[in-house]
Amino acid sequence: SVCRLNAITLATASLDRTVKIWHYSYDYEGFRCDQTLKHTDPVFGLCRLNATTLASASEDRTVKIWHWPSGRCLHTLEGHREWVYSVCRLNAAMLATASADHTVKIWHWPS
């Protein structure tokens, strides 16, 4: 999964259990990885929540809310019984997740 964070920043989700934050570098004329955020299992889904916050969905059955500029995990949402494949921002205070446990959950998160 790939997610646009701003005009020069992307996030990617990977089977290697990481979310990588990539910034476009004019010196290299391409993207370079500036941050690596870690889950305990592969990461499948990403969603930009606001200018500095990113959600990631993982096989570890969690959704992590990250302050991506610092790499700090702000919250870990737990409640699914199986892998979480997808995460979507619904509004400024809510997001939805879909899981292999055949459920969709609605979460309130502090913005």
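Heads up: the structure comes first, above all this text.
In short, a report on the structure. Everything numeric in this text was worked out from a predicted model, so none of it was measured. (Residues numbered from 1 in each chain as written. Predicted model: local features only at pLDDT ≥ 70, side-chain atom pairs only at ≥ 80, totals over all residues. Heavy atoms only, no water.)

## Brief notes about the overall build of the protein chain
- Secondary structure summary: the protein chain contains zero helices and eleven strands in total.
- Ordered by position from the N terminus, the helices and strands of the protein chain form the series β-β-β-β-β-β-β-β-β-β-β.
- For 111 residues, the compact-globule estimate of 2.2 N^0.38 gives 13 Å, and the protein chain sits close to it at 14 Å.
- Taken over the C-alpha atoms alone, the protein chain extends approximately 45 × 30 × 20 Å along its principal axes.
- Scored against the burial criterion, the 111 residues of the protein chain give a buried share of 39%.
- Long-range pairs, those at least 24 residues apart, make up 30% of the contacts in the protein chain between residues at least 6 apart in sequence. (Helix = DSSP H or I, 4+ residues; strand = E, 2+ residues; numbered from the N terminus. Rg over C-alpha atoms; globule rule 2.2 N^0.38 Å. Buried < 20%, exposed > 50% of the residue type's maximum accessible area, 1.4 Å probe, protein only. Contact = heavy atoms within 4.5 Å.)

## Focus on the packing of aromatic side chains
- Inspection of every chain in the model, using the stated rule, returns five aromatic pairs.
- Taking 4.9 Å as the distance between ring centres and 75° as the angle between the ring planes, the aromatic pair formed by Tyr24 and Tyr26 counts as edge-to-face.
- In this structure Tyr26 comes out as exposed when scored by relative accessible area, which is 62%.
- Feature note: the residues Tyr24, Tyr26 and Phe31 constitute an aromatic cluster, connected by ring pairs. (Phe/Tyr/Trp six-rings, centres within 6.5 Å; stacked < 30°, edge-to-face > 60°.)

## Structural notes on the sheet that holds strand β4 (residues 30-38)
- Reading across from one edge, β1-β2-β3-β4 is the order of the four strands in this open sheet, with antiparallel pairing throughout. Looking at strand neighbours, the two that pair on one side only are β1 (2-6) and β4, the edges of this open sheet. Neighbouring strand axes in the sheet, compared pairwise and without regard to direction, differ in orientation by 25° on average.
- As defined by bridge partners, strand β2 (residues 9-13) adjoins strand β3 (residues 18-25) across five bridges and the pair is classed as antiparallel. Each bridged residue has a counterpart across the sheet, and for Thr12 the counterpart in β3 is Lys20. (Pairing = 2+ DSSP bridges. Axes fitted to C-alpha atoms, helices over the stretch in contact; angles between N-to-C directions.)

## Section: the sheet that holds strand β11 (residues 104-108)
- On the basis of which strands lie adjacent, the open sheet formed by three strands has the order β9-β10-β11 and antiparallel pairing. Every interior strand has two partners, whereas the edge strands, β9 (84-91) and β11, have only one. The average undirected angle you get between the axes of adjacent strands in this sheet is 25°.
- Looking at chain direction, strand β10 (residues 94-99) and β11 are connected through five bridges and run antiparallel. Each bridged residue has a counterpart across the sheet, and for Thr97 the counterpart in β11 is Lys105.

So yeah, pure geometry; function would need other evidence.
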